[in-house]
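Observations on the model geometry
Take a look at the letters that make up each chain.
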Amino acid sequence: MIFFIIIIIVVYVLYRIILKPLIPLLILKLQFGKQAYLWYAPIWGLLKYNFRSLKQNGDFFDDLRKRMRQNPKVKMLLTNFLDKPFINFVDSEYVKKMYLDHQNFPKFNLLRYDNLIDKGLLMAEGEEWKHQRNLLGSAFTFEKLKSRIPMINQIVKERCILDPKTNSFDFISWITGEVVIHSFFGEIAKGLIINGKPGQVEIVNLVADIMLQRFKNTYTQIKLMILGNKGWRILATKKEKDINNRVDMLRNTVKQLIEKRLEQLQVENQREKQKDQFFLDIYLNELLKQQQDNERNKINIDLENVLQQFLTLFFAGTDTTATMTITCLVYLAKYPDIQNELLQEIQDLIQDQDVQDNHLTKFVKMNAFINEVFRLRNPAFSPFVRLVQKDMQFLDIKLKKGWMVVQRHDIPVIRHEHFSNPEEFDYKRWLINQGNIQSDNGFVHIPFGAGGRNCIGQHMALMELKIILCHIIRKFQVSLNPDVQIKFGIRFLYGAEPENCLIYKERR
Ligand code: HEM
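Within any chain, residue numbers begin from 1 and follow the written order of that chain's sequence. Per-residue local features of the predicted model are confined to residues with pLDDT of at least 70, and side-chain atom pairs are confined, for both listing and counting, to 80 or more; whole-chain, interface and lining totals are unaffected and use all residues.

1. Describing the overall build of the protein chain
The condition that has to hold: Going along the chain from the N terminus, every DSSP run of H or I of four or more residues is numbered as a helix, and every run of E of two or more is numbered as a strand. In this description the radius of gyration comes from C-alpha coordinates, and the expected globular size is given by 2.2 Å times residues to the power 0.38. Counts of 20 or more other C-beta atoms within 10 Å of a residue's own C-beta define buried residues, counts of 12 or fewer define exposed ones, and intermediate counts define partly exposed ones; C-beta atoms are placed from the backbone. In this description, any two residues whose backbone-derived C-beta atoms lie within 7 Å of each other are considered to be in contact.
Helix and strand content of the protein chain: 18 helices and 13 strands. In terms of overall size, the protein chain behaves like a compact globule, its C-alpha atoms giving a radius of gyration of 24 Å where 508 residues would be expected to give roughly 23 Å. Across its three principal axes, the protein chain shows a C-alpha extent of roughly 75 × 60 × 40 Å. Classification of the 508 residues of the protein chain by burial places 38% in the buried group. Sequence separation of 24 or more characterises 70% of the internal contacts of the protein chain that already satisfy a separation of 6 or more.

2. Examining unusual backbone geometry
That bond from E497 to P498 is cis: its omega, 0°, falls within 30 degrees of zero. Structurally, P498 can be placed in the loop between strand 12 (493-497) and strand 13 (502-506). Its identity is not glycine, yet K165 carries a phi of approximately 60°, on the positive side. When you line up the elements, K165 lands in the loop between helix 7 (149-162) and helix 8 (168-185). For K165, a count of 20 C-beta atoms within 10 Å translates into the label buried.

3. Digging into helix 13 (residues 279-293)
For clarity, the cut-off: Between the first and last residue of a helix there are one fewer steps than residues, each counted as 1.5 Å, and that sum is the expected span.
Look at helix 13: 22 Å from first C-alpha to last across 15 residues, which is about the 21 Å you get at 1.5 Å a residue. Of the residues making up helix 13, those classed as buried are F279, L280, D281, Y283 and L284.

4. As for the packing of helix 11 (residues 238-267) against helix 14 (residues 303-334)
Helix packing geometry: the angle between the two helix axes and the distance between the axes. To keep things clear, this is the line we draw: Fitted lines through C-alpha atoms serve as axes, helices being fitted only where they are in contact, and the angles separating the N-to-C directions of these axes extend from 0 to 180 degrees. Throughout this description, any angle smaller than 35 degrees is read as roughly parallel, any larger than 145 degrees as roughly antiparallel, any in the 65 to 115 degree range as roughly perpendicular, and the remainder as oblique. Crossings are classed by handedness, with left-handed meaning an anticlockwise turn of the near helix from the far one by less than a right angle and right-handed meaning a clockwise turn. When residues are sorted by character, Ala, Val, Leu, Ile, Met, Phe, Trp, Tyr, Cys and Pro go into the nonpolar class, Asp, Glu, Lys and Arg into the charged class, and all the rest, Gly among them, into the polar class.
Running from amino to carboxyl end, helix 11 crosses helix 14 at an angle of 115°, the nearest separation of the two axes being 10 Å. Looking at the two axes, helix 11 sits roughly perpendicular to helix 14. Crossing of helix 11 over helix 14 shows right-handed handedness. Seen from helix 11, the contacting residues are R251, V254, K255 and I258; seen from helix 14, they are L303, V306, L307 and F310. Among the residues making up the contact of helix 11 with helix 14, the classes are represented as 6 nonpolar, no polar and 2 charged.

5. A look at the sheet that holds strand 2 (residues 76-81)
The condition is simple: By the convention used here, strands pair only if DSSP detects at least 2 bridges between them.
Read from one edge to the other, the open sheet built from 5 strands follows the order 1-2-3-9-6, with strand pairing classed as mixed. Two strands bound the open sheet, and with one partner strand each, they are strand 1 (36-38) and strand 6 (386-387). Sheet topology note: the strand 2/strand 3 (residues 84-89) ladder contains 6 bridges and is antiparallel. Following the sheet pairing, T79 is matched in strand 3 by F86.

6. Focus: the environment of K29
Positionally, K29 belongs in helix 1 (residues 2-32). Considered as a pair, K29 and L288 are 259 residues apart in the sequence and their alpha carbons are 55 Å apart. Non-local contacts of K29, meaning those with residues more than four positions away in its chain, are made with A36, L38 and L78.

7. Quick notes on the nonpolar core
Grouped burial of nonpolar side chains is what soluble globular proteins tend to show. How we decide: Each nonpolar core consists of buried Ala, Val, Leu, Ile, Met, Phe, Trp, Tyr and Cys residues. Their C-beta atoms, within 7 Å, join them into a set.
Grouped together as the largest cluster of nonpolar side chains are 120 residues, with contacts concentrated most on F184, L280, L329 and V405. Ignoring anything within four residues of it in the chain, the contact list for V405 reads I87, F89, M98, F105, R386, V388 and L399.

8. Here's the deal with the site of the ligand
The cut-off we apply is this: A molecule or strand has a residue near it when that residue's C-beta atom, placed from backbone coordinates, lies within 6 Å of it.
Near the ligand there are 25 residues, and of these G317, P383, G449, C455 and G457 occur at the shortest range. Among the elements of the structure, helix 14 and helix 18 (458-475) are those that each provide at least two residues to the shell around the ligand. Among the elements that make up the shell around the ligand, the one with the highest residue count is helix 14 (7 residues). Partitioned by chemical class, the residues of the shell around the ligand number 16 nonpolar, 6 polar and 3 charged.

9. So, the pairing of strand 12
Among the 5 residues of strand 12, 4 are classified as buried, and the element is accordingly described as predominantly covered. Of the pairings in the sheet, the one linking strand 11 (residues 487-491) to strand 12 comprises 5 bridges and is antiparallel in character. In the strand pairing of strand 12, I490 is matched with Y494. Joining the antiparallel neighbours strand 11 and strand 12 is a turn of 1 residue, in which F492 adopts a positive phi near 85°.

10. Here we look at the UniProt feature "transmembrane region" (unreviewed entry) in the protein chain
This is how it is decided: UniProt positions are given in the numbering used here, feature names are shortened, and annotations may be inferred rather than shown by experiment.
Residues given the UniProt feature "transmembrane region" (unreviewed entry) here are residues 6-28. When the span residues 6-28 is considered, its composition is 100% helix and 0% strand, and the gap between its end C-alpha atoms is 33 Å.

11. Focus: the environment of I2
Mapped onto the fold, I2 is located in helix 1. Assessed through the 6 C-beta atoms surrounding it within 10 Å, I2 is described here as exposed. Sequence spacing of I2 and K487 is 485 residues, and the spatial spacing of their C-alpha atoms is 50 Å.

12. Structural notes on the environment of M123
Inspection of the secondary structure assignment puts M123 in the loop between helix 4 (92-100) and helix 5 (126-137). Residue class for M123 comes out buried when judged on the 21 C-beta atoms lying within 10 Å of it. For the pair M123 and Q353, spaced 230 residues apart in sequence, the C-alpha separation works out to 40 Å. Aside from chain neighbours lying at most four places away, what touches M123 is K107, N109, I117 and D118.

13. Overview of the packing of helix 8 against helix 14
Put simply, helix 8 and helix 14 touch, their axes get as near as 8 Å, and they point 145° apart. The handedness of the crossing between helix 8 and helix 14 comes out as right-handed. Facing S168, F169, I172, S173, T176, G177, V180 and F184 of helix 8, the residues of helix 14 in contact are F310, L313, F314, G317, T318, D319, T321, A322, T325, I326 and L329. Its residues assigned to classes, the contact of helix 8 with helix 14 comprises 10 nonpolar, 8 polar and 1 charged.

Written as structure tokens, this is what we have:
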């Protein structure tokens, strides 16, 4: 009897893990032939090959890129993740359609941790998402954001002096983290300490620890698969307990800050309130308005929404901008001539002043350089993975409810179909006719995503990136650390490693 039960369990597990995802993938391969590339591996799917590529070639996506270039007819990569078929669309027509039909593809929360970002703008769907996007949208225009430029200059200059610069990731993410915290809370968050560490450092580390635990620890992985997100708190290991305690502490500290500002706003006069200077105030003013109007049928926000919106903006805005900045610095270190050309442009434009809003629009080489780095090494190589909401016909493919799908940003941009010499790093291509993209449907080069769910923080990211680059290039000669081997790996985002890959030598 026991023998039979064991056999049944083994057969079931094998079916779930191997056959369930593989059968639909094989059918699609038969249907699409050379237009589909099958790259299956039990449980880990594409990730297995990406990690192999990192180990063998020093780049997480090198192997994938080569295969996609050698097979220019491929429109979709057929792979799996755990027991689900996972379709990566690599052709810009599918990318376009998915971005335009985003409401049919809700995002899959990769963090898989409750009460952190699930209620924020990044993960919200439907009416909830629209409401949040409208509320925050006006605060993210260039016009509104430019009042933050002096603050960003100040933070960058300070860190350039205070940071030992032996760990580029700590150096830059301190800056980008502090910018988000200040933009959200204003002065009340100055000197924010969480779990005994500066706020920005602790949040960055905590998110990295959650991701590492979730993707690298098989016990956690299996628990989350069976129990859902509650798995973090059930039969928790020492490491999981540590993460849970840190999350609780983070939430408490941030909640206290929000409550403090709410009290301040309740006594501030109307004129002060209308300034909406910080992201937090936009939310709290809306909350106060709702309390006064006592409107019931509107989408109501509460303190939990505000808390998660902060964590969302921190999560979406800190690591992305920091990783992109470091990648830019790695390219400047690799190509000293380009570094000198950008230095010259900075000196011509702003001499030794702080960066101002009118400078930002005048950079030509810097903009072209950033575009080229985005083209070849976008930290957001794809947006969030989506789940198919219902069985549907999607262009020429039939998708089934529950499958995982994603639009790849990094494949159309390395294909001959769209760029000449696509493998070559040539920032000057962007000086002529916006990169001379061939057969462009408007969705070929989209570093910040596209359509209704594009990146709300893109002006803020570019503003920060340019200000940080200006100060660093002007103050330091950046070079590659000859003692380490530079790789492009993954820490949730795609970026350069190790952390000590760059050397900053003060210019005389
Ligand atoms: C180099 C820096 C950045 C890159 C490459 C980037 C990229 C992206 C991409 C590709 C998306 C679409 C995600 C998806 O649809 O799954 C996105 C969305 C988003 N980004 Fe960014 N981002 C950056 C910086 C920022 C910053 C600085 C903030 C805010 C402080 C921010 C906040 C957001 C938010 C809230 C969303 C969700 C928007 C929505 O769903 O309506 N991002 N970002």
